[in-house]
Amino acid sequence: MPDYNVTVSLGGVPNTLGVFNVKAYGAVGDGVTNDRTAVQAAIAAADAAGGGEVMFPKGTYSIAYSSNVGIDLRGVANVTITGPGATIKTANAQCTGAGTAYYLILSDATTENVTITDITVDGNGANNATFSVADAITLVGTNVVCDRVTVKNPSDSGIMFSASGQSAITNCYIDGGSVGSGGSPHSAWSAGATTDVG
């Protein structure tokens, strides 16, 4: 008899090998419930397994911040975050401190081989309007990629991008936000610098 290596949460949502369904970790996706803890648990499980796909079924996943961060990808490796038909959304009243930096999805130099693809990211900017920095996605690290991602309503930048470490933005749509580095973002990218993308 084959061994399928399937675990099931109390809610009856299975995890198949290599796929970490956020609902199996308690996410609801109703646009109201704070799904941050469940999403971080799924990411941590994928990272601990040596990599995998963190999958968001259709729905809107409201994310309240912890220490000014929504979804924390620092130190994560070999993980793909995906969710056709799903939206990751900043909860109301998360960005409320003047002079404070906030990040809905944060990676840094310790993030490796992470892809965010086929998902919508909603910064909920109208309800998060006080900040010094409030990026929807911070794309930093080694081989950190945003592909086929729609970013809407960012409070500040849609994507903060660093070309160092061979990160990439491909086939994305960003509605709103700011463009930084004092000029065309393409000149900053080609120099391996950092810029904000509206």
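Digging into the pattern of salt bridges
- One pass over the structure, following the stated rule, counts three salt bridges.
- The salt bridge involving aspartate 72 is made with arginine 74; its shortest N-O contact spans 2.7 Å.
- The class for aspartate 72 is buried, based on a relative accessible area of 19%.
- The exposure class assigned to arginine 74 is partly exposed, which follows from its relative accessible area of 40%.
- Ionic pairing is found between arginine 148 and aspartate 118, a salt bridge with its closest N-O pair at 2.8 Å. With arginine 148 in strand 13 (residues 142-152) and aspartate 118 in strand 11 (residues 112-122), the pair connects residues that are 30 residues apart, well separated along the chain.
- Counted as one network, the salt bridges with shared partners bring together Asp118, Asp147 and Arg148.

Section: the nonpolar core
- Core analysis: the largest hydrophobic core is formed by 38 residues, its most contacted members being Val54, Phe56, Ile105, Val121 and Ile137.
- The element best represented in this core is helix 1 (residues 36-48), accounting for five residues.
- Every residue in contact with valine 121, bar those within four places of it in the chain, is listed here: Ile88, Leu104, Ile105, Ala136, Ile137, Val149, Thr150, Val151 and Lys152.

Details of empty space enclosed by the protein
- Within the structure shown, the criterion is met by one cavity of 30 Å³ or more.
- A volume near 60 Å³ is recorded for the largest cavity.
- Taken together, Tyr65, Thr90, Cys95, Tyr102, Tyr103, Leu104, Gly123, Ala134, Asp135, Ala136, Pro154 and Ser155 form the lining of the largest cavity.
- Among the secondary structure elements, those contributing two or more residues to the lining of the largest cavity are strand 10 (101-106) and strand 12 (133-139).
- For the lining of the largest cavity, the class distribution of residues is eight nonpolar, three polar and one charged.

Side note on the side chain of threonine 117
- By secondary structure assignment, the location of threonine 117 is in strand 11.
- Taking the relative accessible area as the measure of exposure, threonine 117 reaches 8% and is therefore buried.
- Reaching out from threonine 117, the side chain makes a polar contact with the backbone oxygen of aspartate 147 at a distance of 2.9 Å.
- Within the local environment of threonine 117, its side chain forms a polar contact with the side chain of arginine 148, the two groups lying 3.4 Å apart.
- Residues within four places of threonine 117 in sequence aside, it is in contact with Thr80, Ile81, Thr82, Gly83, Asp147, Arg148 and Val149.

Regarding the packing of aromatic side chains
- Applying the stated rule across the entire model yields two aromatic pairs.
- Arranged with centres 6.5 Å apart and planes meeting at 45°, the rings of tyrosine 65 and tyrosine 102 form a pair that is tilted. One end of the pair, tyrosine 65, is in the loop between strand 6 (59-63) and strand 7 (69-72); the other, tyrosine 102, is in strand 10, and 37 residues separate them in sequence. Note on accessibility: tyrosine 65 and tyrosine 102 belong to one class, buried.

Criteria and cut-off values
Residues numbered from 1 in each chain as written. Predicted model: local features only at pLDDT ≥ 70, side-chain atom pairs only at ≥ 80, totals over all residues. Heavy atoms only, no water. Salt bridge = Lys/Arg side-chain N within 4 Å of Asp/Glu carboxyl O. Buried < 20%, exposed > 50% of the residue type's maximum accessible area, 1.4 Å probe, protein only. Helix = DSSP H or I, 4+ residues; strand = E, 2+ residues; numbered from the N terminus. Core = buried A, V, L, I, M, F, W, Y, C linked by side-chain atoms within 4.5 Å. Contact = heavy atoms within 4.5 Å. 1 Å grid on protein atoms, 1.4 Å probe; cavity = no way out; pocket = protein on both sides within 12 Å on 5 of 7 lines; lining within 4 Å. Points joined across faces, edges and corners; volume = space filled by probe spheres on them. Nonpolar A, V, L, I, M, F, W, Y, C, P; charged D, E, K, R; others polar. Polar contact = N/O pair within 3.5 Å; in protein donor to acceptor, adjacent residues only side chain to side chain. Phe/Tyr/Trp six-rings, centres within 6.5 Å; stacked < 30°, edge-to-face > 60°.

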